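Each chain, letter by letter, is given below.
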Amino acid sequence: MDKIQLCEFAKSLDPEIEVKEGRQFAEVTIPSSKFYQIAKKLKESDETYFDFLSCLTGVDYGKELGVIYHLFSTKYNHGIVLKTKTSDRENPHFDSVSDIWKTADFHEREVFDLLGIRFTNHPDLRRLFLDSSWGYPLRKDYVDDINIVTK
Amino acid sequence: MEEQVNVITPDEKEEYIINMGPQHPSTHGVLRLVVSLKGEIVKNVQPHLGYIHRGIEKMCESITYPQIIHLTDRMDYLSAHINNEAVCLAVEKALDTEIPDRIKVVRTIMSELTRIQSHQLWWASFGMDLGGLTCFFYGLRDREKVLDIFEETCGSRMIVSYNCPGGLMYDIHANFQKRVKDFIKYFRKILPEYDQLLSGNVIFMERSKGIGKLSLEDAISYGVTGPTGRASGFSCDIRKHEPYSAYDRVTFNEVLRYDGDTYSRYMVRIDEMRESMNIIEQLIDNIPEGPYAVKMKPIIKLPEGEYYQRVETARGELGVFIISDGNKNPYRVKFRSPNFVNLGALNHISKDFKIADLVAIGGSLDLVIPDIDR
């Protein structure tokens, strides 16, 4: 399917989904409460069959925190971008997709480590690179007095 | 009177935990694996990362796009040129810059040379991990020849930083074509020696055949790409599926094997070196004339938006994801590094094999630790 068809397909899954035809991929924004179900549908549906999770990125948008998923299909060779956001900066959490795509296990641990986003139902959510005394360095309000990185 | 014999009774709970690394010679860097063992059988492997975490993604948020390229060298230092190319392609795509053919062809040749030297070093160290010290000398001897070509053209041997947005830092050296051709001629003769030394070796085959099996479904689910994924039959070569630079104008085979064990991963890499030489041979005599770089603005600002570029490094799919807010610094950069993802499958594939096999499996994944930690 091409970008337009993928947008239409995603839109037909749930009325709350926002779709945008991006430069490279169809970009689909899904409310965090429904994310797990829709991701599962996109993987299992015969028409889309997104079985390869290429990249999982945590982003700090300032007021919101979000996660971006780049999915590809090994069968149809098409790609899609899923996005989900939350405005809760104190205790952000999304549903883990590590039982749909096993690679998400490591990716989600990395996002938890660097952005402090929790993933419910993750089998082993520990910090990956840093120890627990660190803050969450990829957040935009992170301040490090010793190794100053300023923009 | 009967003699008392000490018999250790097998106990379900009798697992003990040892640290492999961070300074273990077979982890090729500072990778620490916490291994649960029952006797000699591996039951669980938990990688503990972060010994060389430098925060490259965070650093990228405070520097400009041409500067980012020099950080990507330091991720997977054996695929340095391909990492550079990934960022350049992402920036060029975002700016809709038309790249002349000369640049595309030179980039492709350099990428394939990078792949060859990376596989040579992997072959050298993999042989050494499994007890064949001669491999190490053979592999490094031949790798030097590629590094000499790099040194002449790029001014640097390993972390080359030869790309810049819009093209190359400098034109190729006058000797470049001749030296590459000499190298191909030489290496075509040498590669069968690699096979004689290790590929058909009985001890090596005993230690690698059937070890660390990864099925196709698991390879896709774990996102394992590159030679490791292709050894399980996962057709994941970005050069074929999303051709970039000059890969759409050369003919080459995507090397696939279907056993998914350590030996298949080994053979895929050996065959890939041959394919890389085929690609170089098709291009080396046909480098088009033209400029070696397009003039870019002194300060590169990407239009607001999101850009994702995938390239095939020597270890798999490298994804560069840039979110730009229109400034000269990116808002967020994410590197989807192949080693990080491939490491995620280590626990799955080394379960129920012996601790000595863990060395073979780890070696066959071809991990580069700075790429995992970033």
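Remember, it's a predicted structure, so these values are computed and weren't measured experimentally.

Cut-off values and rules
- Residues numbered from 1 in each chain as written.
- Chains lettered and ligands numbered in written order.
- Predicted model: local features only at pLDDT ≥ 70, side-chain atom pairs only at ≥ 80, totals over all residues.
- Helix = DSSP H or I, 4+ residues; strand = E, 2+ residues; numbered from the N terminus.
- Rg over C-alpha atoms; globule rule 2.2 N^0.38 Å.
- Buried ≥ 20, exposed ≤ 12 C-beta atoms within 10 Å, placed from the backbone.
- Contact = placed C-beta atoms within 7 Å.
- Axes fitted to C-alpha atoms, helices over the stretch in contact; angles between N-to-C directions.
- Parallel < 35°, antiparallel > 145°, perpendicular 65-115°, else oblique.
- Left-handed = near helix turned anticlockwise from the far one by under 90°.
- Nonpolar A, V, L, I, M, F, W, Y, C, P; charged D, E, K, R; others polar.
- Pairing = 2+ DSSP bridges.

1. Some words on the overall build of chain B
For step 1, the next point in the chain: From N to C terminus, chain B includes 15 helices and eight strands.
For step 2, the next point in the chain: Taking 2.2 N^0.38 as the reference for a compact globule, 374 residues should give roughly 21 Å; the C-alpha atoms of chain B span a radius of gyration of 22 Å, in line with that estimate.
For step 3, the next point in the chain: Overall, chain B is about 95 × 50 × 35 Å in size when its C-alpha atoms are taken along their principal axes.
For step 4, the next point in the chain: Taking all 374 residues of chain B together, the buried fraction comes to 49%.
For step 5, the next point in the chain: Sequence separation of at least 24 residues holds for 70% of the intrachain contacts in chain B that already meet a minimum separation of 6.

2. Observations regarding the packing of helix α11 (residues 262–284) of chain B against helix α14 (residues 355–365) of chain B
When two helices pack together, their arrangement is given by the angle between their axes and by how far apart the axes lie.
Residue and element names in this part refer to chain B.
For step 1, the next point in the chain: It is at 9 Å that the axes of α11 and α14 come closest, and there the two elements cross at 30°. Taken together, α11 and α14 sit at an angle that is classed as roughly parallel. In this structure, the crossing between α11 and α14 has a hand that is left-handed. On the side of α11, the interface is formed by T262, R265 and Y266, while α14 contributes A360, I361 and S364.
For step 2, the next point in the chain: Across the contact of α11 with α14, the residue classes tally to three nonpolar, two polar and one charged.

3. Some points on the sheet that holds strand β2 (residues 32–38) of chain B
Residue and element names in this part refer to chain B.
For step 1, the next point in the chain: Reading across from one edge, β1-β2-β3 is the order of the three strands in this open sheet, with antiparallel pairing throughout. Looking along the sheet, the strands with just one partner apiece sit at the ends: β1 (16–20) and β3 (41–48). Each strand axis lies, on average, 25° off the axis of its neighbour in the sheet, ignoring direction.

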